[in-house]
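Analysis of the macromolecular model
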Amino acid sequence: MFFREDKVNGKFLKIAQEHEVVLEYLEKLKILLENNDLSYSFKQLKSMLPEFKSEMRHHFKIEEHFLFPAALLCVPSIELVDMIMVLQKEHGFVERDIDTLERMFEDNPKATQMNEAMTGLLKTMIRDIEKHARIEIDHLFPKMDACKKCRKIIKGILLEP
Ligand SMILES: [Fe+2]
Ligand SMILES: [Fe+2]
């Protein structure tokens, strides 16, 4: 867990679990890529894409509105500013990739199978999200977790009515 208070505060637990939700989606997407039944993968991806998009948007919003500002306020450093600027940019890249996938479905209403462009983009997107999440989990959250002021601020924001 990223926050020590997670056991006494359900909302902290929720934030930490946000990544579990993202990682669960990535596992589902990887399973689709490994499936040789291309029409099954096509149908599954098409049906899960809207929910995946809204979950990712929600996740990015929590990070950009609560976590990143708290980190910049409490543990300011050039290194952290650079890290957060890159992370925010990467959120945009993921949203762009999801939009492109959606357009691939819209532009080919008669298609029934995954094609090379779809699987290629999906593979790249999964790899990029995993790399992105690792930076947050391994480098950003431990810094925040180690800072008492940072934990207090996040707790305060989350407990606002
Ligand atoms: Fe992120
Ligand atoms: Fe994240």
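Refer to the structure above for everything that follows.
What this report covers is the structure whose coordinates are included nearby. (Residues numbered from 1 in each chain as written. Chains lettered and ligands numbered in written order. Predicted model: local features only at pLDDT ≥ 70, side-chain atom pairs only at ≥ 80, totals over all residues.)

**Overview of the environment of Ala-146**
What counts is decided by this rule: What counts as a helix is a DSSP run of H or I of at least four residues, what counts as a strand is a run of E of at least two, and both are numbered from the N terminus.
Inspection of the secondary structure puts Ala-146 in the loop between helix 4 (116–145) and helix 5 (148–159). Sequence spacing of Ala-146 and Val-75 is 71 residues, and the spatial spacing of their C-alpha atoms is 9.8 Å.

**Points about the nonpolar core**
Where we set the bar: Each nonpolar core comprises buried Ala, Val, Leu, Ile, Met, Phe, Trp, Tyr and Cys residues, the members being joined through C-beta atoms within 7 Å. Burial is judged by counting other C-beta atoms within 10 Å of a residue's own C-beta: 20 or more means buried, 12 or fewer means exposed, and anything between counts as partly exposed, with every C-beta placed from the backbone. By the criterion used throughout, residues are in contact when their C-beta atoms, derived from the backbone, lie within 7 Å.
Judged by nonpolar contacts, Leu-67, Phe-68, Ala-70, Ala-71, Leu-140, Met-144, Cys-150 and Ile-154 together constitute the single largest core of 8 residues. When contributions to this core are tallied by element, the ones reaching two or more residues are helix 2 (38–74), helix 4 and helix 5. Leaving out residues up to four positions away in the same chain, Phe-68 has contacts with Glu-63 and Ile-84. The next biggest cluster of nonpolar side chains, apart from the first, holds 7 residues, and it includes Leu-29, Phe-42, Leu-101 and Met-118.

**Concerning helix 4**
Since the α-helix advances by 3.6 residues per turn, residues separated by three or four positions end up pointing in the same direction. Quick reminder of the rule: One fewer than the residue count of a helix, multiplied by 1.5 Å, yields its expected span. At any given residue, the bend is defined as the angle formed between two axes, one fitted to the seven residues that end at that position and one fitted to the seven that begin there.
Here helix 4 contains 30 residues, and its C-alpha end-to-end distance of 42 Å stays within 8% of the 44 Å for a straight helix at 1.5 Å per residue. Bending of helix 4 peaks at approximately 30 degrees at the position of Ile-137. Residues of helix 4 that are buried: Met-118, Ile-129, Glu-136, Leu-140 and Met-144.

**Focus on the packing of helix 2 against helix 3 (residues 78–107)**
This is how it is decided: Think of each axis as a best-fit line through the C-alpha atoms, taken over the contacting stretch in the case of a helix, with angles from 0 to 180 degrees between the N-to-C directions. For this classification, under 35 degrees means roughly parallel, over 145 means roughly antiparallel, 65 to 115 means roughly perpendicular, and everything else is oblique. Left-handed describes a crossing in which the near helix is turned anticlockwise from the far one by less than a right angle; the clockwise case is right-handed.
Two numbers describe how helix 2 lies on helix 3: the axes approach to 11 Å, and their chain directions differ by 165 degrees. Considered as vectors, helix 2 and helix 3 are oriented roughly antiparallel to each other. The handedness of the crossing between helix 2 and helix 3 comes out as left-handed. On helix 3, the residues touching Lys-46, Leu-49, Phe-52, Lys-53, Met-56, Phe-60, Glu-64, Phe-68, Ala-71 and Leu-72 of helix 2 are Leu-80, Val-81, Ile-84, Gln-88, His-91, Val-94, Ile-98, Leu-101, Glu-102 and Phe-105.

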